[in-house]
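Per-entry structural report
Here is how the chains run, residue by residue.
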Amino acid sequence: MTLTPPRAPDVRVRRLTTTLYGYSFLEEFVLLYPVYALLFSDTGLSVRQISTLFALWSVTAVLLEVPSGVWADAVSRRLLLWLGPLLTAAGFALWVLLPSYGAFAAGFVLWGIGGALGSGALEALVHDELERLDAADRYARVMGRARAAGLVAVMAAMGLAGPVLTWGGHTAVGAASVLACLLTAAVALRFPEHRTPATGHHTWSGTLRAGLAEARADRSVRGALLLVPAVSAVWGALDEYTPLLVRETGVADGTVPYLLLLVWSGATAGSLLAGEGERLGTRGLAALLAGSGIALAAGAVEGSPRGLILVALAVGGFQAANVLADARLQRRIKDSGRATLTSVAGLGTELATIAAFGGYALIATGHPHSTAFAVFAVPYLATAALLLLRGSPATEPRR
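In this text, all values refer to a predicted model and were calculated from it rather than measured experimentally. Position numbers for residues count from 1 along each chain, tracking the sequence in the order it is written. The model is predicted, so local features are restricted to residues of pLDDT at least 70 and side-chain atom pairs to those at 80 or more, both for listing and for counting; the totals for chains, interfaces and linings are taken over all residues. As a rule here, side-chain values come from all non-hydrogen atoms in the structure, and water together with hydrogens is ignored.

Overview of the overall build of the protein chain
- The helix count covers DSSP runs of H or I at least four residues long, the strand count covers runs of E at least two residues long, and both are numbered beginning at the N terminus. Scanning the protein chain from terminus to terminus reveals 17 helices and zero strands.
- The classification of residues rests on relative accessible area computed with a 1.4 Å probe and restricted to protein chains. Under 20% of the type maximum is buried, over 50% is exposed, and intermediate values are partly exposed. Buried residues in the protein chain amount to 51% of all 399 residues.
- What makes two residues a contact is simply this: any of their non-hydrogen atoms within 4.5 Å. At a minimum sequence separation of 6, the contacts of the protein chain that also span at least 24 residues come to 83%.
- Here the open area of atoms and residues is found with the Shrake-Rupley method and a 1.4 Å probe, where only the protein chains shown may cover a residue. For the protein chain, the accessible area works out to roughly 17,300 Å², and carbon and sulfur atoms hold 67% of it.

Here's the deal with the packing of aromatic side chains
- Pairs were defined over the aromatic rings of Phe, Tyr and Trp, the Trp ring being its six-membered one, requiring ring centres within 6.5 Å. Orientation was assigned from the angle between planes: stacked under 30 degrees, edge-to-face over 60, tilted for the rest. Evaluated as defined, the whole model comprises 25 aromatic pairs.
- With a centroid separation of 5.6 Å and 10° between ring planes, the pair formed by Y33 and W111 is classed as stacked. With Y33 in the loop between α1 (10–28) and α2 (36–43) and W111 in helix α5 (residues 101–118), this residue pair connects regions lying 78 residues apart in the sequence.
- Since its relative accessible area comes to 24%, Y33 is described here as partly exposed.
- Consider the rings of W95 and F104, whose centres lie 6.2 Å apart with planes at 85°: the pair is edge-to-face.
- The class for W95 is buried, based on a relative accessible area of 0%.

Description of the layout of surface pockets
- What the second largest pocket holds in volume is close to 230 Å³.
- Around the second largest pocket sit eleven residues that line it, and G223, L226, L227, L386 and R390 are the ones nearest its centre.
- The set of elements that each furnish at least two residues to the lining of the second largest pocket consists of α9 (219–238) and α17 (378–390).
- Considered class by class, the residues forming the lining of the second largest pocket number six nonpolar, two polar and three charged. Cavities and pockets are found on a 1 Å grid laid over the protein atoms alone: a cavity is a set of points where a 1.4 Å probe fits but cannot escape, a pocket is an open set with protein on both sides within 12 Å along at least five of seven lines, and a lining residue has an atom within 4 Å of such a point. Grid points are joined across faces, edges and corners, and a volume is the space filled by probe spheres set on the points. Asp, Glu, Lys and Arg are counted as charged, while Ala, Val, Leu, Ile, Met, Phe, Trp, Tyr, Cys and Pro are counted as nonpolar; the rest, among them Gly, fall into the polar class.

Quick word on helix α7 (residues 139–188)
- The end-to-end C-alpha separation of α7 is 18 Å, well short of the 74 Å expected for 50 residues at 1.5 Å each.
- The angle between axes fitted to the seven residues ending at a residue and the seven residues starting there is what we call the bend at that residue. The sharpest bend along α7 reaches about 125° and sits at G168. For a helix, the expected span equals 1.5 Å multiplied by the residue count minus one.

Re a nonpolar patch on the surface
- Judged by side-chain polarity, W71, V75, L79, W82 and L189 come together as a nonpolar surface patch covering roughly 420 Å² of accessible area.
- Structurally, the position occupied by L79 is in helix α4 (residues 77–97). Here, patches come from residues exposed beyond 30% relative accessible area and free of salt bridges, joined within 9 Å for like charges and within 5 Å for nonpolar side chains (Val, Leu, Ile, Met, Phe, Trp, Tyr). Any carboxyl oxygen of Asp or Glu that lies within 4 Å of a side-chain nitrogen of Lys or Arg is treated as forming a salt bridge with it.

A word on the confidence of the model for the protein chain
- Taken over all residues, the pLDDT of the protein chain has a mean of 86, while the share at 70 or more is 89%.
- Confidence, expressed as mean pLDDT per element, reaches its minimum in the protein chain at helix α8 (residues 204–217) with 60 and its maximum at α4 with 96.
- Counting interchain partners and residues more than four positions distant, the pLDDT-below-50 stretch residues 392–399 has 25 contacts. pLDDT is a per-residue confidence score from the predictor, ranging from 0 to 100.

Quick word on unusual backbone geometry
- Here D134, not a glycine, exhibits a phi torsion of approximately 60°, which is positive.
- Here D134 lies in the loop between α6 (121–132) and α7.

With respect to the packing of α9 against α17
- Two elements in contact, α9 and α17, have axes whose closest approach is 10 Å; the angle formed by their N-to-C orientations is 160°. When the axis of α9 is compared with that of α17, the two are roughly antiparallel. The two elements α9 and α17 meet at a crossing, and its hand is left-handed. Residues R219, G223, L227, A230, V231, V234 and W235 of α9 pack against P379, Y380, T383, L387 and R390 of α17.
- Looking at the contact of α9 with α17 residue by residue, the classes come out as eight nonpolar, two polar and two charged. To get an axis, a line is fitted to the C-alpha atoms, and for a helix only the part in contact is used. The angle between two axes follows their N-to-C directions and goes from 0 to 180 degrees. Between 65 and 115 degrees an angle is taken as roughly perpendicular, under 35 as roughly parallel, over 145 as roughly antiparallel, and anywhere else as oblique. Crossing handedness follows the turn of the near helix against the far one: under a right angle anticlockwise gives a left-handed crossing, and clockwise gives a right-handed one.

With respect to the environment of Y33
- With 125 residues separating them along the chain, Y33 and M158 place their C-alpha atoms 7.7 Å apart.
- Those residues in contact with Y33, other than ones at most four positions away along the chain, are E27, E28 and W111.

Regarding the packing of helix α3 (residues 47–74) against α5
- Running from amino to carboxyl end, α3 crosses α5 at an angle of 30°, the nearest separation of the two axes being 7 Å. Considering the angle they form, α3 stands roughly parallel to α5. The chirality of how α3 crosses α5 is right-handed. Residue-level inspection shows Q49, T52, L53, F54, L56, W57, T60, L64, E65, S68 and W71 of α3 in contact with α5, the latter providing Y101, F104, A105, F108, V109, W111, G112, I113, A116 and L117.
- Of the residues belonging to the contact of α3 with α5, the class tally is 15 nonpolar, five polar and one charged.

Looking at the side chain of T249
- With respect to the secondary-structure elements, T249 resides in the loop between α10 (242–248) and α11 (256–272).
- Given a relative accessible area of 17%, T249 falls into the buried group.
- Ignoring sequence-local partners within four residues, the contact set of T249 consists of G303, S304 and P305.

Examining α17
- A rise of 1.5 Å per residue sets the reference length of α17, with its 13 residues, at 18 Å; its end C-alpha atoms lie 18 Å apart and thus fit the reference within 8%.
- Here α17 has its buried residues at Y380, T383, A384 and L387. Taken around the axis of α17, the buried residues stretch over an arc of 100°, which confines them to a single face. Pointing more than 90 degrees away from the buried face of α17 are the exposed residues L386 and L389.
- Here the buried face of α17 lies against α9, α13 (281–302) and α14 (307–332). The arc in question is traced by the directions running from the helix axis to the C-beta atoms.

Put into structure tokens, the structure is as follows:
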């Protein structure tokens, strides 16, 4: 009897995915996340100074998003995934060793550079390695689990930051964060990489031109590029205001973190179920976005902790749609420009998120947070309608 060989070498796929899940967890397991604002305040910084630090962080990420993606296509993606956490570790070390406005600013710049180096490079490396192993159809499932691992790490860091801060102060929290970054860099060295830059694209400018030319020439690539920020940006902005929405339901401040865990659990579940969502097709994705938008609006205006269950369901839908939008983009672009175009999509997300911050400020200034959340459900309904109108040209795989 002849046995049919497996579609992909499972051992190599398992090594890739195990490395990815470990990398994703450690990258987000940073105890400084929930308490670094306290460090800034305890050092004596004003609210205005803290806001300028956040702005510097955002500007760094925006400016380097596309150049770092081009570099990932021109050289080694694994190299960038290794270098990024080291720069972030250096930034966190500056915060703890030399707490001052200048050190905090330098740390945010290093953190912004480190994050930009990994943006686009990780998705491109994982997709190409899965494709090489004849397992590209697993991409959405694998990336969904990776993002779930990152969300679990964030929740774990939130739970551990308080006890560690009480025990050893900001120094202990900072040391643990630096260690997590160093471990992330070490795990990055385990990533397999079997690609070389395409002939004629070895220069930075040549790689950029090749990636942008593909987007100009292929309508489906352009549609997929636009879909990523349309799905990701609004929720990325609303996430920052979720504690205020929870507090507005009337619960005590001590209860807010527990209800936030409910929302984060929804996001984690959405990531884990993203692989199953690839069966939905265009109409299914549109229905997912529309249903999640309706759940977001209904849960927000309900005005009680019960409504947060609907918000958690909506967040799960948005998270799954985010993974699916990334998977659709990866299926359309070629290996030579994969990280470049993924970073272009990331740049669009960053800019759209900044615009969403501005819009939220305008709405929430004179209205409750629940109203602002309900209004921001509208872009998802519009995106769902556009998906249905565009049909298969914008959504079906090119290859």
